[in-house]
Amino acid sequence: MLNLKHTAFGGIAASLLLLPAYGLAGTEYDWATVTDVTPVYETVTLVEPYEECRNERVAYGNGRGSATPPILGAIIGGALGNAVGHKKRNKQVGVVVGALLGGSIGADIARRNHAHGRVSYHTQRRCHMVEQTRREERFRGYDVTYEYGGTTYRTRMQRNPGDTVRVRVRITPVG
């Protein structure tokens, strides 16, 4: 006895196998004459970041100047002013004037010492990001012009086809 379930499945499977053949019916391949081949290039702009570094000589001081020379100068100047003055009133004026002059001289000495040799130099590497822009030609393919059946066609291909190009011709009924 014939099993209908298996028969139905077999018929559907056979139909599915024949379907692509019906879809390709009327499709043929032929050769067309190539009339022009032009390589196509595209200019692209590339931006590439990179790190640019250089060595710099950097001055390092000992921080702010010391207050010791002006203070020491004021004390010495005040002591000298006190010793030089003869009268009580002159001693007070001598101490003040001596302290001011001694402080000023001490400050000048401190500035001169700071300017002469109190600064050290070190080499420090300094870097920053820079962008370099460059242009580059990139191959995109070939623009191919070919003729088939009295009609001119154009396409882009990745390879140069030579003198002829294979074309698919699909024949369909009209009307």
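Refer to the structure printed above.
Residues numbered from 1 in each chain as written. Predicted model: local features only at pLDDT ≥ 70, side-chain atom pairs only at ≥ 80, totals over all residues. Heavy atoms only, no water.

Undergrad: Help me understand the pattern of salt bridges in this model?
TA: Summed over the entire model, instances satisfying the criterion amount to 7 salt bridges. Ionic pairing is found between Glu42 and Arg140, a salt bridge with its closest N-O pair at 2.6 Å. Taken together, the residues Glu42 in strand β1 (residues 27-60) and Arg140 in strand β2 (residues 120-148) connect sequence positions 98 residues apart. Overall, the relative accessible area of 37% leaves Glu42 in the partly exposed class. For Arg140, a relative accessible area of 33% translates into the label partly exposed. The closest approach of N and O atoms between Arg138 and Glu136, which form a salt bridge, is 2.9 Å. For Arg138, a relative accessible area of 34% puts it in the partly exposed group. You can call Glu136 partly exposed: its relative accessible area is 24%. When salt bridges with common partners are traced through the structure, they connect Glu48, Arg134, Glu136 and Arg138 into a single cluster. (Salt bridge = Lys/Arg side-chain N within 4 Å of Asp/Glu carboxyl O. Helix = DSSP H or I, 4+ residues; strand = E, 2+ residues; numbered from the N terminus. Buried < 20%, exposed > 50% of the residue type's maximum accessible area, 1.4 Å probe, protein only.)

Undergrad: Hey, could you run me through the sheet that holds strand β4 (residues 164-170) in this one?
TA: Each strand in a sheet pairs with another by means of backbone hydrogen bonds, the pair being arranged parallel or else antiparallel. Strands sit in the order β3-β2-β1-β4 across an open sheet of 4 strands; the sheet is antiparallel. One side of each edge strand has no neighbouring strand; the edge strands of this open sheet are β3 (151-157) and β4. Here the strands of the sheet are splayed against their neighbours by 30 degrees on average, with no regard to which way each runs. Across 7 bridges, β2 lies against β3 in antiparallel orientation. The partner of Tyr148 across the bridge, within β3, is Thr151. (Pairing = 2+ DSSP bridges. Axes fitted to C-alpha atoms, helices over the stretch in contact; angles between N-to-C directions.)

Undergrad: Help me out: how do you make sense of the packing of aromatic side chains in this one?
TA: Each aromatic ring pair is characterised by the separation of its centres together with the angle its planes make. In the structure shown here, the tally under the stated rule is 3 aromatic pairs. Arranged with centres 5.6 Å apart and planes meeting at 65 degrees, the rings of Tyr41 and Phe139 form a pair that is edge-to-face. One end of the pair, Tyr41, is in strand β1; the other, Phe139, is in strand β2, and 98 residues separate them in sequence. By relative accessible area, which is 51% here, Tyr41 ends up exposed. Here the aromatic rings of Phe139 and Tyr142 are separated by 5.1 Å at their centres, their planes lie at 65 degrees, and the arrangement is edge-to-face. These aromatic residues form a ring-pair network of at least three members: Tyr41, Phe139 and Tyr142. Positioned above the aromatic ring of Tyr121, the side-chain terminus of Arg57 is 4.2 Å from the ring centre. (Phe/Tyr/Trp six-rings, centres within 6.5 Å; stacked < 30°, edge-to-face > 60°. Lys NZ or Arg CZ within 6 Å of the ring centre and 35° of its normal.)

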